[in-house]
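Working through the structure, step by step
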Amino acid sequence: MMPTSDQIEEQVLKWEINGCFLEHAACSIEELSEILDQDENILGFVNGVSSRPVYSNPNARWGVILTAKRILLICRGGSPVLHWEIPLKHVLKVKKSVGLPSGKITIYDPEKVTIRRISKITLDPFFDILKKAIDAHSY
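A brief structural summary. (Residues numbered from 1 in each chain as written. Predicted model: local features only at pLDDT ≥ 70, side-chain atom pairs only at ≥ 80, totals over all residues. Heavy atoms only, no water.)

1. What to know about the overall build of the chain
Of regular secondary structure, the chain possesses 4 helices and 7 strands. A burial count over the chain gives 46% of its 139 residues as buried. Excluding contacts between residues fewer than 6 apart, the proportion of contacts in the chain whose partners are at least 24 apart in sequence is 51%. Element-wise, carbon and sulfur atoms account for 54% of the exposed surface of the chain, whose accessible area totals about 7600 Å². (Helix = DSSP H or I, 4+ residues; strand = E, 2+ residues; numbered from the N terminus. Buried < 20%, exposed > 50% of the residue type's maximum accessible area, 1.4 Å probe, protein only. Contact = heavy atoms within 4.5 Å. Areas by Shrake-Rupley, 256 points an atom, 1.4 Å probe, with all protein chains shown as cover.)

What follows is the structure in structure tokens.
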């Protein structure tokens, strides 16, 4: 069973920073409700350009949504919405770096996935909650 649109919107609004999700989202709240499991809560999100999957447009904007179980990458590439995931239990480590206009996060799962062009406003809050979520899955 999927979470309702209202439940997702409530979670998104809790984490929304300067309107970045609802204004620049890769998918609608309704589409996101079809992707998430009922017991998944959104812990945080950012928008950026991903180095994976390789079949996507290299400049496509991806919504990166963190739940307690996984990192979802969602891109509007038509219908249905393109998405793939990285289970948190597979993440070995994460790094962040900040440039002049934006920042990036690198996720090792064990392959390297880089999400770049992340707004500096959302980078630190997302990275902090990502580290906590990964630590919760460490053995």
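Back to the text.
2. Thoughts on the pattern of salt bridges
In this structure the tally under the stated criterion is 5 salt bridges. Close ionic contact of Asp39 with Lys69 constitutes a salt bridge, the shortest N to O distance being 3.1 Å. Here Asp39, found in the loop between helix 3 (29-35) and strand 1 (42-50), pairs with Lys69, found in the loop between strand 2 (61-67) and strand 3 (70-75); they are 30 residues apart in sequence, far enough to count as distant. Where Glu85 meets Arg70, a salt bridge forms, and the shortest distance between an N and an O atom there is 2.6 Å. Of the two residues, Glu85 is situated in strand 4 (residues 82-87) and Arg70 in strand 3; the sequence distance between them amounts to 15 residues. A relative accessible area of 38% means that Glu85 is categorised as partly exposed. (Salt bridge = Lys/Arg side-chain N within 4 Å of Asp/Glu carboxyl O.)

3. Section: unusual backbone geometry
In the segment running from Asp109 into Pro110, the intervening peptide bond is cis, with an omega of -5 degrees. In this structure, Arg117 is a non-glycine residue whose phi angle is positive, near 60 degrees. For Arg117, the location among the structural elements is in strand 7 (residues 112-118). For Arg117, a relative accessible area of 38% corresponds to the partly exposed category.

4. Notes on the side chain of Thr106
Of note, Thr106 is situated in strand 6 (residues 103-108). For Thr106, a relative accessible area of 10% corresponds to the buried category.

5. Comments concerning the sheet that holds strand 3
What the 7 strands build is an open sheet, ordered 4-3-2-1-7-6-5; its pairing is antiparallel. Pairing within the sheet leaves two strands with one partner each, and these edge strands are strand 4 and strand 5 (93-98). Across this sheet, the average inter-strand angle for adjacent strands is 30 degrees, counted without regard to direction. Both strand 2 and strand 3 contribute to a ladder of 4 bridges, which runs antiparallel. In the strand pairing of strand 3, Ile65 is matched with Leu72. Contacts between helix 4 (residues 120-137) and the sheet are confined to strand 1, strand 2, strand 3, strand 5, strand 6 and strand 7, with strand 5 contributing the most and set at about 165 degrees to the helix. (Pairing = 2+ DSSP bridges. Axes fitted to C-alpha atoms, helices over the stretch in contact; angles between N-to-C directions.)

6. So, the packing of aromatic side chains
Evaluation of the coordinates by the stated rule reveals 0 aromatic pairs. Over the ring of Tyr108 we find Lys93; its NZ or CZ atom is 4.9 Å from the centre of that ring. (Phe/Tyr/Trp six-rings, centres within 6.5 Å; stacked < 30°, edge-to-face > 60°. Lys NZ or Arg CZ within 6 Å of the ring centre and 35° of its normal.)

7. Description of helix 4
Owing to its 3.6 residues per turn, the α-helix aligns residues three or four sequence positions apart on the same side. With 18 residues, helix 4 extends 26 Å from end C-alpha to end C-alpha; this agrees with the ideal 26 Å at 1.5 Å per step. Thr122, Leu123, Phe126, Phe127, Ile129, Leu130, Ala133 and Ile134 are the residues of helix 4 that are buried. (Expected span 1.5 Å × (residues − 1).)

8. Quick notes on the pairing of strand 2
Judged by how many residues are buried, strand 2 sits mostly within the fold: 6 of 7 residues are covered. Here strand 1 pairs with strand 2 via 7 bridges, running antiparallel. Its bridge partner lying in strand 2, Asn47 is registered against Gly63. Two successive antiparallel strands, strand 2 and strand 3, enclose a turn made up of 2 residues.

Geometric values such as these leave the question of function open.
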